[in-house]
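# Understanding the architecture of this molecule
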Amino acid sequence: MAGQPLAQSDYRRGHGRVQKHVRHSSEVRDVSDGHPGSEHGCSVRRGVRAVPAPAKTLGLWTPSSPAPALFPRRTARALRAVKRSGWGVSATPSYAGLSRAGAAEPRELAAELHALVSEGGVDAVLATAGGWTSSLVLPHLDFALLRDAGVPLIGYSDVSVLLWAFAVAGVPAVHGPMLISEFGHFTGAFPYTVAGLRSALAGAGGQLRPPTSWSDDNPWWDRDDERPLRMNPATAWRVVRHGCARGPLLAGCLPAVTGLFGTPYMPETDGHVIFLEDFGMGPDRFLALLSQWRLSGRLEKFAGLVLGRRGRPGTAPGGYDDFDDALLHTLGDIDIPVVADVDFGHTEPRLSLRQKAIVSLATDPLLMRVEASRPSNTHIEGNTRARQ
């Protein structure tokens, strides 16, 4: 999934021995405890920051579209940017493969992930790109093995379905950048994006803050992308409905994770602060998708709702383009805090969010803070030498 024409949007966003072909280089809303900072009685807890360790190795895995095979120049540029940011890489055998709509058959993709995390040498797994077919891998995953390994998976877009299934199984995951879509930019990965990923992988806590500029520019890969992205001036994150909340977070792509209804891979969402993002759609489709959450009875049990900055929004037939109106119509009398235009989706640069991390949200003034937590596996980071 991505904001390009359909032919390319399908491709945006390896149990064999990997080493043979490895390429090296409850109710949770808090009421106020008397602390200042909110006219709505919200208290945001101050987490202790974790201290990250030296850079280590990211495994590269292609669970969805075969972007490394389709866009080799951008992939090579992305690999250089990852290494420049301080990480080594270790790729699965089919990382740059091509088979039907993916890099390999789903069973093979699952087996390669199992080998990658269980044979040691990688500290996190970075998805190469999104697409439409990550869910095909789900029935073949050994979640007990993945939980024992404790190696987090990083990605977004349709990779969100894997992140949410990992949350069900207690496997660590980070809703964050991917190899080709974020590290493959002509000028490299954005420093804001790299710093956020380092913090998330380190289990660091702290206040979430917007970037100084943003972009939904999306040049065609390996054809028009040898230029910097066109940037927009910074705009503030917006409060749509006031309130306060505290609870575990879940972040995902709205059309992708809505597809998990009726499956065993949909996690518990009651009492959670849910981060949902979308791209390239009109308010009619947004209304339909969010209504699924209301009709299911889940929306009213969220502790809070955070919506991503929307890249390349569309309009409905007749010209209707008011996403806030669609949102408020769907919410009705559901009284939860809602914040919009937060940078964690299909725009650049972007936050990285640890699934199930505890987040505190207050809206007057607006303040979001993620609490520190030690990762299941090991602290890893990259250096700060990433070019804008």
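Up top is the structure.
Residues numbered from 1 in each chain as written. Predicted model: local features only at pLDDT ≥ 70, side-chain atom pairs only at ≥ 80, totals over all residues. Heavy atoms only, no water.

As a further point, take helix 10 (residues 283-295). Between its first and last C-alpha, helix 10 extends 18 Å over 13 residues, near the 18 Å set by a 1.5 Å rise per residue. Listed in full, the buried residues belonging to helix 10 are P283, F286, L289, L290 and W293. All buried residues of helix 10 project into a common sector of 130° when viewed along the axis, lining one side. What points out from helix 10, more than 90 degrees from its buried face, is the exposed set A288 and L295. One or two steps after helix 10, the chain reaches G297, where phi turns positive at roughly 85°. (Helix = DSSP H or I, 4+ residues; strand = E, 2+ residues; numbered from the N terminus. Expected span 1.5 Å × (residues − 1). Buried < 20%, exposed > 50% of the residue type's maximum accessible area, 1.4 Å probe, protein only. Arc of directions from axis to C-beta.)

As a packed pair, helix 10 and helix 11 (residues 323-331) sit with axes 9 Å apart at the nearest point and diverge in direction by 20°. Considering the angle they form, helix 10 stands roughly parallel to helix 11. Where helix 10 crosses over helix 11, the handedness of that crossing is right-handed. For the pair formed by helix 10 and helix 11, the contact residues are P283, F286, L287, L290, S291 and R294 on the first element and F323, A326, L327, H329, T330 and L331 on the second. Tallied by class, the residues present in the contact of helix 10 with helix 11 amount to eight nonpolar, three polar and one charged. (Axes fitted to C-alpha atoms, helices over the stretch in contact; angles between N-to-C directions. Parallel < 35°, antiparallel > 145°, perpendicular 65-115°, else oblique. Left-handed = near helix turned anticlockwise from the far one by under 90°. Contact = heavy atoms within 4.5 Å. Nonpolar A, V, L, I, M, F, W, Y, C, P; charged D, E, K, R; others polar.)

In terms of residue burial, strand 11 (residues 273-277) counts as a mostly covered element, since five of its five residues are buried. What you see with strand 11 is no split at all: V273, F275 and E277 on one side and I274 and L276 on the other are buried throughout. Here five bridges tie strand 10 (residues 244-253) to strand 11, and the two strands are oriented parallel to one another. Residue pairing for strand 11: C253 is matched across the bridge by E277. Direction of pairing for strand 11 relative to strand 12 (residues 304-308): parallel, over a ladder of four bridges. Considered in strand 12, the bridge of L276 is made with L307. Once you follow strand 11 into helix 10 and on to strand 12, the crossover reads as right-handed. (Pairing = 2+ DSSP bridges. Right-handed = clockwise from strand over helix to strand, strands pointing away.)

Such coordinate-based values are descriptive only and should not be taken to indicate function.
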